[in-house]
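Structure at a glance
So you can see what is in the structure, the chains are spelled out below.
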Amino acid sequence: MTIDATPAARPVVVTGRETAGDQAGGAGITQPRWTHIALPSGDLDASIAFYTSMTPLVVVAMREDADGRNVWLSNPGQWETPFVLVLASFNATRGSQQGIMKPFAHIGIELPTRADVDRAADRARAAGCLHWEPRDMPDPIGYICAVTDPDGNVIEFSHDQRVFATVRELWGPKS
């Protein structure tokens, strides 16, 4: 497995019992924030390879302790509103498929164009993990396809779903 070591993707490796306050940048939160979703993984290396090749996510931190390993993945440069996908591999369940998001539950990734959705579907089709073929859905869903990760969890790629735009319109700067 190769992890991209560009500055945006250089992971923080933590072992033992360090706390967020012990690490650079651990302070600064001033209000409650939604910061992560955590999913179990039966094969963490396969999951890292999947998410870093099939989605825009990069590794930002890796941790290991006596119970297992975990990795944090996020969009490169997403510092203003940090949000991570945590994948945890527990020694007790290593090697077994751990997927819990079935049949409708999914992680959503909004893409700039329909062609981006088609390219995601093409990559997934070639890798044997395409879950839903690209299709137009009623408003507000937009144009979507979905893939499955190594644990069977569903990741949806969408265009024109307007989640990003809706939240920015609600809380972004007013011109």
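Up top is the structure these notes are about.
Residues numbered from 1 in each chain as written. Predicted model: local features only at pLDDT ≥ 70, side-chain atom pairs only at ≥ 80, totals over all residues. Heavy atoms only, no water.

1. Quick look at the state of the cysteines
Scanning the model with the defined rule gives zero disulfides in all. Free cysteine cysteine 129: the closest other cysteine sulfur is in cysteine 145, separated by 9.7 Å. (Disulfide = S-S within 2.5 Å.)

2. Observations concerning the packing of aromatic side chains
The final tally for this structure, using the stated rule, is two aromatic pairs. On the basis of an interplanar angle of 65° and a centroid distance of 4.7 Å, the ring pair of tryptophan 34 and phenylalanine 83 is categorised as edge-to-face. Taken as a pair, tryptophan 34 in the loop between β1 (12–15) and β2 (36–40) and phenylalanine 83 in the loop between β4 (68–74) and β5 (84–90) lie far apart in primary sequence, 49 residues in all. Both rings, one in phenylalanine 50 and one in tyrosine 51, keep their centres 4.9 Å apart while their planes meet at 90°; by these two values the pair is edge-to-face. On the basis of relative accessibility, which here comes to 8%, the residue phenylalanine 50 falls in the buried class. A cation over a ring is seen here: arginine 63 above tryptophan 72, with NZ or CZ 3.9 Å from the ring centre. Over the ring of tyrosine 143 we find arginine 114, and its NZ or CZ is 3.7 Å from the ring centre. (Phe/Tyr/Trp six-rings, centres within 6.5 Å; stacked < 30°, edge-to-face > 60°. Helix = DSSP H or I, 4+ residues; strand = E, 2+ residues; numbered from the N terminus. Buried < 20%, exposed > 50% of the residue type's maximum accessible area, 1.4 Å probe, protein only. Lys NZ or Arg CZ within 6 Å of the ring centre and 35° of its normal.)

3. So, the pattern of salt bridges
All chains considered together, the criterion is met by seven salt bridges. Aspartate 116 is paired through a salt bridge with arginine 119; the nearest N and O atoms lie 2.5 Å apart. Here aspartate 116 pairs with arginine 119, and both are found in helix α2 (residues 114–127), just three residues apart, close to one helical turn. Aspartate 116 sits in the buried class, given a relative accessible area of 19%. What makes arginine 119 partly exposed here is its relative accessible area of 44%. The partner of arginine 125 in a salt bridge is aspartate 122, and the shortest N-O contact between them spans 2.8 Å. Of this pair, arginine 125 and aspartate 122 both sit in helix α2, separated by three residues, roughly a single helical turn. Overall, the relative accessible area of 45% leaves aspartate 122 in the partly exposed class. Through salt bridges with shared partners, one network takes in Asp122, Arg125 and Glu133. (Salt bridge = Lys/Arg side-chain N within 4 Å of Asp/Glu carboxyl O.)

None of the figures reported here should be taken as evidence of function without further support.
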